[in-house]
Amino acid sequence: MNRKPHVAVVGATGAVGIEMVKTLEKRNFPVGKLTLLASARLAGKKLRFRGEEITVQELTRNSFGGVEIALFSAGSSISKEFAPIAAKAGCVVIDNSSAFRMDDKVPLVIPEINAADVKLHQGIIANPNCTTAVALMALYPLHQAFFVKRIFASSYQAVSGTGAKAIEELRRQIQQLVNGHETTHEVYPHQIAFNVLPHVDSFLPSGYTKEEMKMENEGRKIMHHPTFRASVTCVRVPVYRAHSIAVNAEFDKPVTVEAAHKVLGKAPGLQVIDEPAKNKYPQPLYQAEQYDCAVGRLRRDCAFENGLAFWVSGDQLLKGAALNAVQIAEELLR
Ligand SMILES: NC(=O)c1ccc[n+]([C@@H]2O[C@H](COP(=O)([O-])OP(=O)(O)OC[C@H]3O[C@@H](n4cnc5c(N)ncnc54)[C@H](OP(=O)(O)O)[C@@H]3O)[C@@H](O)[C@H]2O)c1
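To start, this report covers the structure provided alongside it. (Residues numbered from 1 in each chain as written. Predicted model: local features only at pLDDT ≥ 70, side-chain atom pairs only at ≥ 80, totals over all residues. Heavy atoms only, no water.)

Side note on the overall build of the chain
Note the cut-off: For helices the rule is a DSSP run of H or I covering at least 4 residues; for strands it is a run of E covering at least 2, with both sets numbered from the N terminus onward. Note that the radius of gyration is over C-alpha atoms, with the globule rule given as 2.2 Å times the number of residues to the power 0.38. We call a residue buried when its accessible area falls under 20% of the maximum for its residue type, exposed when it is over 50%, and partly exposed in between, using a 1.4 Å probe and counting protein chains only. Every residue pair with non-hydrogen atoms within 4.5 Å of one another is taken to be in contact. Residue exposure ignores everything except the shown protein chains as possible cover, and the areas themselves are Shrake-Rupley values with a 1.4 Å probe.
What the chain contains, in helices and strands, is nine helices and 14 strands. What you see for the chain is a C-alpha radius of gyration of 20 Å, in line with the 20 Å of a compact globule of 334 residues. Out of the 334 residues in the chain, the part that is buried amounts to 53%. Partitioning the intrachain contacts of the chain with sequence separation of at least 6 by distance along the chain shows that 67% fall at a separation of at least 24. Surface summary for the chain: the accessible area is close to 15,300 Å², and the carbon and sulfur share equals 51%.

Next up, the structure:
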């Protein structure tokens, strides 16, 4: 791989794409040339990168000539159609959608956990689901020390997890309510302002949603832990940015809060904020725009042996998407 690769961002105008461009710049990724791609709707728009204005181009089958790394965040159907075209044109695709995550030929990577899997790629590398990524940043170090058997978890997911239109929907509904008007909704099936929806992604015949099953399926693949079990309820909350997850984990080995603190205090990409007597615990408001995730509210789970309860928050646009993708690109250059 060229040390100063030509990078393309597909979906550059979206909630994740904008963060990808910012993250490439902030982390001084050695971009030789940057190509920004989106739909015809926003082609022509200009985005700033390292003090220069770059014009967004329409994504076509011919967009990938000379591109060496393509960061995709334009949804599953676009990834399914264009990622194989990009890979065939010779670039390595890092895909944010769910299109290839469970494909055996595609590594699914969180660099703090399974960076070595990057080397196994055959042209496409997948970025994990955002809620899974944030939860695993705290769960994986505990798994290494105490061997996790299963978790029960509930998520508190920000609207930016649904993309730019959902951020706008929450803003608009708050304005409508403040002005005494009826709310309108297009993105979510109900009002999200001042409400919570126990509904993220589509429902499966089992009654779980697709999002809820990603924690178990993607968790098994990323942690190389084929018997890991996860029963999850995913909830959308009226928070703009950063997801939180309340986790109850059962381990094989005995676990204490002190030992867990020690392990988590050394974990990369993770801060421990756990002083409940001083009202200190992770909050999405303060995790927004942070690279690190944060864990707190650690306690012995009173409902099972070798159990630990904790709360983890992290910016899903960064660790759950853009940052993780750029970290994978950094691994490619290593
Ligand atoms: N949001 C998150 O926290 C998050 C986290 C992890 C993974 N992801 C995944 O990342 C992907 C993007 O999510 P997002 O939240 O950034 O969504 P978004 O804000 O709706 O942005 C979608 C992007 O895709 C582009 N796009 C749509 N249709 C296109 C087409 N036909 N051709 C080319 N570009 C097209 C849009 O371009 P226009 O502006 O021109 O329409 C926009 O740049 C999704 O697969 C999502 O599941 C999101």
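Regarding the packing of aromatic side chains
Definition in use: Stacked, edge-to-face and tilted labels apply to pairs of Phe, Tyr and Trp rings (six-membered ring for Trp) whose centres lie within 6.5 Å, assigned for plane angles under 30 degrees, over 60, and everything in between, in that order.
Within the structure shown, the criterion is met by four aromatic pairs. The interplanar angle of 70 degrees and the centroid separation of 5.9 Å between the aromatic rings of Phe146 and Phe251 together place this pair among those described as edge-to-face. Of this pair, Phe146 sits in helix α4 (residues 130–146) while Phe251 sits in strand β11 (residues 243–251), placing them 105 residues apart in sequence. Accessibility classification places Phe146 together with Phe251 in one group, the buried group.

Observations regarding the packing of α4 against helix α7 (residues 257–265)
Using the following cut-off: Note on geometry: axes are lines fitted to C-alpha atoms, helical ones only across the stretch in contact, with angles between N-to-C directions running from 0 to 180 degrees. Each angle is binned into one of four classes, with values under 35 degrees roughly parallel, values over 145 roughly antiparallel, values of 65 to 115 roughly perpendicular, and all other values oblique. Should the near helix be turned anticlockwise from the far one by less than a right angle, the crossing is termed left-handed; should it be turned clockwise, right-handed.
Viewed as axis vectors pointing N to C, α4 and α7 meet at an angle of 120 degrees, and their least axial separation amounts to 9 Å. Taken together, the axes of α4 and α7 are oblique relative to one another. In this structure, the crossing between α4 and α7 has a hand that is right-handed. Residues Ala138, Pro141, Leu142, Ala145 and Phe146 of α4 touch α7, and the partners they reach there are Ala259, Ala260, Val263 and Leu264.

Quick word on the site of the ligand
Rules: Summary of the distance rule: residues count as near a molecule or strand when at least one heavy atom falls within 4 Å of that molecule or strand. Any N or O atom pair separated by 3.5 Å or less is treated as a polar contact, with the protein-specific requirement of one donor-capable and one acceptor-capable atom, and with residues adjacent in sequence counted only for side-chain atom pairs.
Around the ligand, 26 residues are found, and the nearest of them are Thr13, Ala15, Ser39, Ser160 and Ala164. Within the backbone of Gly14, one N or O atom sits 3.0 Å away from an oxygen atom of the ligand. Looking at the shell around the ligand, the elements with two or more residues in it are α1 (15–26) and α9 (318–333).

Points about the pairing of strand β2 (residues 33–38)
For clarity, the cut-off: DSSP calls a pair of strands paired once it identifies at least 2 bridges connecting them. Note on handedness: a clockwise path from strand one over the helix to strand two, with the strands aimed away from the viewer, defines a right-handed crossover.
Of all six residues in β2, five are buried, a share of seventy percent or more. For strand β1 (residues 6–10) and β2, the ladder comprises five bridges, and the chain directions are parallel. Directly across from Val7, in β2, lies its bridge partner Leu34. Handedness of the crossover joining β1 and β2 through α1 is recorded here as right-handed. For β2 and strand β5 (residues 57–58), the ladder comprises two bridges, and the chain directions are parallel. Of the residues in β5, the one forming a bridge with Ala38 is Glu58.

Notes on the sheet that holds strand β14 (residues 307–314)
The six strands are arranged β10-β9-β11-β14-β13-β12 in an open sheet whose pairing can be described as mixed. Taken across any chain shown, the strands that pair with only one partner, and hence form the sheet edges, are β10 (229–236) and β12 (270–272). Each strand of the sheet is rotated relative to its neighbour by a mean of 20 degrees, with strand direction disregarded. Both strand β9 (residues 148–157) and β11 contribute to a ladder of eight bridges, which runs antiparallel.

Quick word on the sheet that holds strand β8 (residues 124–126)
Read across the sheet, six strands follow the order β5-β2-β1-β6-β7-β8 without closing on themselves; strand pairing throughout is parallel. Looking at the sheet topology across the chains shown, the edges are occupied by β5 and β8. The sheet contacts of α1 involve β1, β2 and β6 (69–72), and relative to β1 the element is tilted by about 155 degrees. Most of the contacts of α9 go to strand β7 (residues 92–95), to which it runs at about 155 degrees, and overall it touches β6, β7 and β8.

Things to note about the side chain of Lys319
Its location among the elements puts Lys319 in helix α9. Under the relative-accessibility criterion, Lys319 is labelled buried at 1%. Beyond its immediate chain neighbours, meaning those up to four positions away, Lys319 contacts Ile110, Pro111, Glu112, Ala133, Met137, Tyr291, Cys293, Asn324 and Gln327.

Comments concerning the nonpolar core
Note the following rule: The set of buried Ala, Val, Leu, Ile, Met, Phe, Trp, Tyr and Cys residues whose side-chain atoms join them within 4.5 Å is what this entry labels a nonpolar core.
Grouped together as the largest cluster of nonpolar side chains are 58 residues, with contacts concentrated most on Phe64, Phe72, Leu139, Ile151, Phe251 and Phe310. Per-element tally for this core: the top contributor is α4, with 10 residues. Apart from residues no more than four positions distant in its own chain, Phe251 is found in contact with Leu139, Leu142, His143, Phe146, Phe147, Val148, Lys149, Asn306 and Leu308. Counting 34 residues, the second-largest nonpolar core is a separate cluster that includes Phe29, Ile94, Val326 and Ile328.

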